[in-house]
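Structural overview
Chain by chain, the residues:
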Amino acid sequence: LPVGLGSGLPQPSLPISVDNAALLTELARYGTARIYETFLSSDRTRLFSLTAEGIKVYQADTLERLAWFSGLEPWQDEWGYLRWGFSASATGNRFTFLAKEDQVHVFEIQNGLVFTQTLPVDHYTWAEISPDGLHLVVPHDTGSDTINRWEIVDIASGSALATGVGVNATFSPAGTY
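Described in the following lines is the structure provided in the data block.

Some details on the overall build of the chain
Each helix and strand counted, the chain has 0 helices and 14 strands in total. For the chain, the succession of helices and strands along the chain, N to C, is β-β-β-β-β-β-β-β-β-β-β-β-β-β. Taking all 177 residues of the chain together, 37% fall into the buried category. Within the chain, residue pairs in contact and separated by at least 24 positions form 32% of the contacts whose partners lie at least 6 positions apart.

Rendered as structure tokens:
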């Protein structure tokens, strides 16, 4: 919140300028990592922070850290853009992450890595977990540069349940496809 609208900071005595910038004092520092993106689970209970130190998961209402998956580095495309491929189940208990070696990883907050699948290499690489956290939709390799397909994978067995044509697909909020 801006100063004066309920924040804990006092009203400034004069505007910050080049002349008085040396008078600024750091009040607090929360972590050292660069934050790339943050996500809130659809039920609004989990907050995910994608940082230079990995992915950190917090309880949204208390900001208590529930898990820290350190050392995770996102997939980087040929133009240098970071592609996190992040999505979370509705309760935030499971989430997907695109790793460097063209792989999608599925993590559980309590148990860590539970599933890995290698993806076809192209600039459309993405992944999404279903709201119930049981299925994954990922690109499907057709061997053709002109046809884009996707497949739905059962996380428990790793088997493909369905395939379709299109650049990508998404689950309905109910988790059906």
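Observations regarding the sheet that holds strand β2 (residues 46-51)
Taking strand neighbours across the sheet as the criterion, the 4 strands line up as β1-β2-β3-β4 in an open arrangement whose pairing is antiparallel. At either margin of the open sheet sits one strand with a lone partner, and together these are β1 (35-40) and β4 (65-70). Here the strands of the sheet are splayed against their neighbours by 15° on average, with no regard to which way each runs. Pairing of β2 with strand β3 (residues 54-59), which is carried by 6 bridges, proceeds in the antiparallel orientation. In the strand pairing of β3, Arg-46 is matched with Gln-59.

Definitions and cut-offs
Throughout this description, residue numbers start from 1 for each chain and increase along the sequence as written. Per-residue local features of the predicted model are confined to residues with pLDDT of at least 70, and side-chain atom pairs are confined, for both listing and counting, to 80 or more; whole-chain, interface and lining totals are unaffected and use all residues. Only heavy atoms go into the side-chain values, all of them from the structure, while hydrogens and water stay out. The helix and strand labels rest on DSSP assignments: H or I over at least four residues marks a helix, E over at least two residues marks a strand, and numbering proceeds from the N terminus. Summary of the burial criterion: residues with accessible area below 20% of their type's maximum are buried, those above 50% are exposed, and those between are partly exposed, where the area comes from a 1.4 Å probe applied to protein chains only. Pairs of residues are marked as contacts when any of their non-hydrogen atoms sit within 4.5 Å. Two strands form a pair only when DSSP identifies at least two bridges running between them. Angular values range over 0 to 180 degrees, each being the angle between N-to-C directions of two axes fitted as lines to C-alpha atoms, with helices fitted over their stretch in contact.

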